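Here is how the chains run, residue by residue.
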Amino acid sequence: MDWHEWHAAYDTPGSWLEQRLALVQARVRLALDEAPPGPLTVISLCAGQGRDLIGVLAEHPRRSDVRARLVELDGQNAEAAVRAAEAAGLTQVEVVVGDASLTDHYARVAPADLVLLCGVLGNLADADVERAIDHCTMLCRPGGTLVWTRSRQIEVTRDLVPQVCAWLEERGFERLWVSDPELGFAVGAHRYTGEPRQLPPGERMFTFVGYDALH
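An account of the accompanying structure is given in this report. Residue indices begin from 1 for each chain and proceed along its sequence in written order. In keeping with the model being predicted, local features are shown solely for residues with a pLDDT of at least 70 and side-chain atom pairs are shown and tallied solely at 80 or more, while totals for entire chains, interfaces and linings include all residues. With hydrogens and water excluded, all non-hydrogen atoms of the structure serve as input to the side-chain values.

In this description a helix means any DSSP run of H or I spanning at least four residues, a strand means any run of E spanning at least two, and both kinds are numbered starting from the N terminus. Helix and strand content of the protein: seven helices and seven strands. Along the protein, from the amino end to the carboxyl end, the secondary structure elements read α-α-β-α-β-α-β-β-α-β-α-β-β-α. Our radius of gyration is a C-alpha quantity, and the globule rule it is checked against amounts to 2.2 Å times the number of residues to the power 0.38. In summary, the protein has a C-alpha radius of gyration of 16 Å against a globular reference of 17 Å for 215 residues, a match within 12%. Overall, the protein is about 45 × 40 × 35 Å in size when its C-alpha atoms are taken along their principal axes.

Okay, here's the thing in structure tokens:
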């Protein structure tokens, strides 16, 4: 899979990626709007070109409060994220080229006020979806927000979204919003209400398989 080429669909008017991005950005914007005063930290796993966050921060009044770490394995996508952050003057947005599943990439920023798990869960085996969700209790600080996405195309794969919500809520995440089930994808936002948990060093949180390989 050419993940750089895959991102081109974001620029196609009416594409499902454009629609999903608008919903994700709306939840990111709301999370920043509702966050308490003071410094904020954001983590984005498999961040791609950083559109989820950078597109919001560029014009958000809290932009100077935010310190963000974006982790992306694809070098071309990471470079696009760097260029976008620089163009927006977002000096506190750090882009790391690396395996987003490794806990060591988040040691200096977790737990965060906002965690983005977008474009990830649909590329994992079910057991790893649950494992990634479990690690979100360590990535996200109590009171922080997790924004996530997952495919709902039942003809391709069974709709795992109800189970994703159940796994989150079993672990102390309060459901804030989940997009209309009629869409071919889900965007969700959950607030972590559980106890703080320490992110262990040197651990792999999931194995990114790729939706094309899974199906």
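Moving on, we get to the sheet that holds strand β3 (residues 93-97). Strands belonging to one sheet form pairs held by backbone hydrogen bonds; the direction of such a pair is parallel or antiparallel. Here a strand pair is declared whenever DSSP counts at least two bridges between the two strands. In spatial order, the strands read β3-β2-β1-β4-β5-β7-β6; together these seven strands make up an open sheet with mixed pairing. Edge positions in the open sheet fall to β3 and β6 (173-178), since each of these has one partner strand only. Averaged over all pairs of adjacent strands, the angle between strand axes in this sheet comes to 15°, irrespective of strand direction. Sheet strands in contact with helix α2 (residues 16-34) are β1 (40-45), β2 (66-72), β4 (112-117), β5 (140-151), β6 and β7 (185-192), and its direction is about 15° off that of β7. Note on definitions: angles span 0 to 180 degrees between N-to-C directions of axes, and those axes are lines fitted to C-alpha atoms, for helices only across the stretch in contact. In this description, contact between two residues means that some pair of their heavy atoms is separated by no more than 4.5 Å.

Let us look at the nonpolar core. If you look at the biggest cluster of nonpolar residues, it comprises 35 residues, and the most contacted ones within it are Leu45, Tyr106 and Trp148. Contributing elements (two or more residues each) for this core: β1, β4, α5 (126-139), β5, α6 (161-170) and β7. What tyrosine 106 contacts, discounting residues up to four positions off in sequence, is Ile43, Leu45, Val71, Ala100, Leu139, Leu199 and Met205. Think of a nonpolar core as a cluster: buried Ala, Val, Leu, Ile, Met, Phe, Trp, Tyr and Cys residues, connected wherever their side-chain atoms sit within 4.5 Å. Only protein chains enter the area calculation, which uses a 1.4 Å probe; residues under 20% of their type maximum are buried, those over 50% are exposed, and those in between are partly exposed.

Further remarks concern unusual backbone geometry. Geometrically, the link from alanine 110 to proline 111 is a cis peptide bond, its omega value of 0° lying close to zero. For proline 111, the location among the structural elements is in the loop between β3 and β4.

In this section: the pattern of salt bridges. For salt bridges, the criterion is a side-chain nitrogen of Lys or Arg within 4 Å of an Asp or Glu carboxyl oxygen. Taken as a whole and judged by the stated rule, the model has 14 salt bridges. Note that aspartate 113 and arginine 141 form a salt bridge whose closest N and O atoms lie 3.1 Å from each other. Placement of aspartate 113 in strand β4 and of arginine 141 in strand β5 is noted, with a sequence separation of 28 residues between them. The residue aspartate 134 makes a salt bridge to arginine 171 at a minimum N-O spacing of 3.2 Å. Taken together, the positions of aspartate 134 in helix α5 and arginine 171 in the loop between α6 and β6 put the pair 37 residues apart, joining distant regions of the chain. Beyond isolated ion pairs, a larger network of salt bridges with shared partners links Glu130, Asp134, Glu170, Arg171 and Arg197.

Close contact between α5 and α6 brings their axes to 10 Å; oriented N to C, the two are set at 35°. You can see that α5 and α6 cross each other, and the crossing is right-handed. Residues Asp126, Val129, Glu130 and Ile133 of α5 form the contact with α6, whose participating residues are Val164, Trp167 and Leu168. For the contact of α5 with α6, the class distribution of residues is five nonpolar, no polar and two charged. Take the far helix as the reference: if the near one is turned anticlockwise from it by less than a right angle, the crossing is left-handed, and if turned clockwise, right-handed. Charged means Asp, Glu, Lys or Arg here, nonpolar means Ala, Val, Leu, Ile, Met, Phe, Trp, Tyr, Cys or Pro, and polar covers whatever is left, Gly included.

Turning our attention to the packing of aromatic side chains. Each Phe, Tyr or Trp ring, with Trp reduced to its six-membered ring, pairs with another whose centre is within 6.5 Å; inter-plane angles below 30 degrees give stacked pairs, above 60 give edge-to-face pairs, and intermediate values give tilted ones. Across all of its chains, the model carries two aromatic pairs by this definition. Ring geometry for tryptophan 16 versus phenylalanine 185: centroids 6.2 Å apart, planes at 40°, classification tilted. Placement of the pair is tryptophan 16 in helix α2 and phenylalanine 185 in strand β7, with a sequence separation of 169 residues. Of the residues examined, phenylalanine 185 reaches a relative accessible area of 5% and is grouped as buried.

Right, let's talk about α2 for a bit. The terminal C-alpha atoms of α2 lie 27 Å apart, and with 19 residues this matches the ideal 27 Å at 1.5 Å per residue to within 8%. Looking at α2, one finds that the buried residues are Leu17, Arg20, Leu21, Val24, Gln25, Arg27, Val28, Ala31 and Leu32. On an axial view of α2, the arc spanned by its buried residues comes to 165°, and they lie on one face. What a helix is expected to span follows from its residue count: subtract one and scale by 1.5 Å. The directions considered for the arc are those from the helix axis to the C-beta atoms.

With that settled, consider α5. With 14 residues, α5 should cover 20 Å at 1.5 Å per step; its first-to-last C-alpha distance of 20 Å lies within 8% of that length. Residues Asp128, Val129, Ala132, Ile133, His135, Cys136, Thr137, Met138 and Leu139 constitute the buried set of α5. Packed against the buried residues of α5 are β1, β4, β5, α6, β6 and β7.

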